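Here is how the chains run, residue by residue.
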Amino acid sequence: MTATFTKIALVGGGGAVGRPILDSLLAGGAATVVVLSRPESTSTFPSHPNLAVERVKYDDVGAVAAILKKSSIEVLVSAVGGGGLEGQTLLADAAKQSGVQVFVPSEFGIPTEGVTEGFAVVKTRVADYSKSIGLPAARVYTGAFADQASWIGSVKEKGKFLVLNPGDKAFSLTSLSDIGGFVAYALTSLPPTKLKDATFRLQGDRLSIIGLANLFHELKSVPVERVNKFPEDIPGVQAKAYLAAQFNVGKGSSSWDHVQNKDLGPGAISNNLWEGHKWQTIREVISSSQ
């Protein structure tokens, strides 16, 4: 199959989401992959004939644009973490200046389109800004990261899985390797009309918080405790409580639509675009974890 895009730049290529995207791009149909890495970053990258690493400050629009233009980059993918989300508007500016055709902002999580409050607002603002300057954005929703599912219950911090009551609504989880593989596949295989101003909804598996807790108990002998509020001494407790609250009202599903305020159902999930791929279940991910 002829690749849709072959020249792709990646910001945040050393992170939890960025690394599997990078690995999949190098293993797939990308002829040129440019990783933009901050000058002070300690991330290291593999030696590969199709890979170039450029050190640059993400907020230097001119410098970023020059790098993208030099390599005739067609798609810019951002996999930055929470601290870098707001600064993605500058990446969008650089991409627009350099002739990039599609911007993939760092959505990777629960859906954000139509969100008007909470931690996810910054994500939807970035995608909306990209479209406002005439730069098509492709948003990828994944639900929770299956590889980091223990974070949902604060297993590392408390030695048990804390279930924020009621914990009975199903939400989506997708493995990081599946996320990386899908992004690479979509960018190098799907036609441009499927990528520009597109929304992809991924779901490797689907279950409730209490269902996830019971899996950790079964597979890893982790005790389970129901709580009405997370302990304040847990790092990142506000973000954790926000996400758990979203899960508890059904908004943690990749198929949730905030604009229509409803779950769009299985037909909205984009998994079948990756033909022939077997998506990992949460049981498989937990079983293979240390």
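Use the structure listed above.
Residues numbered from 1 in each chain as written. Predicted model: local features only at pLDDT ≥ 70, side-chain atom pairs only at ≥ 80, totals over all residues. Heavy atoms only, no water.

Participant: What should I look at first to understand the sheet that holds strand 4 (residues 75-78) in this one?
Facilitator: Neighbouring strands of a sheet are bound in pairs by backbone hydrogen bonds; such pairs are parallel or else antiparallel. Taking strand neighbours across the sheet as the criterion, the 5 strands line up as 3-2-1-4-5 in an open arrangement whose pairing is parallel. Two strands in the sheet have a free side with no partner beyond their single neighbour: strand 3 (51-55) and strand 5 (102-104). The mean angle between the axes of side-by-side strands here comes to 20°, regardless of whether they run parallel or antiparallel. (Pairing = 2+ DSSP bridges. Helix = DSSP H or I, 4+ residues; strand = E, 2+ residues; numbered from the N terminus. Axes fitted to C-alpha atoms, helices over the stretch in contact; angles between N-to-C directions.)

Participant: Explain the nonpolar core to me, please; I cannot follow it from the model alone.
Facilitator: Considering soluble globular proteins, one finds that nonpolar side chains tend to be buried as a cluster. Within the largest apolar cluster, 37 residues are counted, with the highest numbers of intra-cluster contacts made by V104 and F108. Every element with two or more residues in this core is listed here: strand 1 (7-11), helix 1 (18-27), strand 2 (32-37), strand 4, strand 5 and helix 7 (176-189). If one sorts the elements of this core by residue count, helix 7 sits on top with 8 residues. Once residues lying within four places of it in the same chain are set aside, the contact partners of F108 are V17, I21, S78, A79, K123, V140, T142, F145, I179 and V183. Core analysis: the second largest hydrophobic core is formed by 29 residues, A144, A213, V227 and F230 among them. (Core = buried A, V, L, I, M, F, W, Y, C linked by side-chain atoms within 4.5 Å. Buried < 20%, exposed > 50% of the residue type's maximum accessible area, 1.4 Å probe, protein only. Contact = heavy atoms within 4.5 Å.)

Participant: Would you take a moment to explain unusual backbone geometry for this structure?
Facilitator: For residues that are not glycine, phi is negative in most cases, and the peptide bond is trans in most cases. Here the residue pair N165 and P166 is connected by a cis peptide bond, since its omega of 5° sits within 30 degrees of zero. Of note, P166 is situated in the loop between strand 8 (161-164) and strand 9 (171-174). One non-glycine residue, S72, adopts positive backbone phi at about 50°. Tracing the backbone shows S72 in the loop between helix 2 (61-70) and strand 4. A positive phi angle, close to 55°, is found at N261, a residue other than glycine.

Participant: Can you walk me through the layout of surface pockets in this structure?
Facilitator: Over the atoms a probe the size of a water molecule is rolled, and this reveals where empty space is left. By volume, the largest pocket is sized at about 1100 Å³. At the level of secondary structure, the elements contributing two or more residues to the lining of the largest pocket comprise strand 2, helix 3 (88-98), strand 7 (144-145), helix 5 (149-152) and helix 9 (237-248). Considering each element in turn, the lining of the largest pocket owes the most residues, 4 residues, to helix 9. Taken together, the residues of the lining of the largest pocket break down into 23 nonpolar, 17 polar and 4 charged. Formed jointly, the lining of the largest pocket draws a minimum of three residues from each of two domains, domain 1 (7-143 + 174-201) and domain 2 (145-173 + 204-251 + 277-288). (1 Å grid on protein atoms, 1.4 Å probe; cavity = no way out; pocket = protein on both sides within 12 Å on 5 of 7 lines; lining within 4 Å. Points joined across faces, edges and corners; volume = space filled by probe spheres on them. Nonpolar A, V, L, I, M, F, W, Y, C, P; charged D, E, K, R; others polar. Domains from an automatic or database assignment.)

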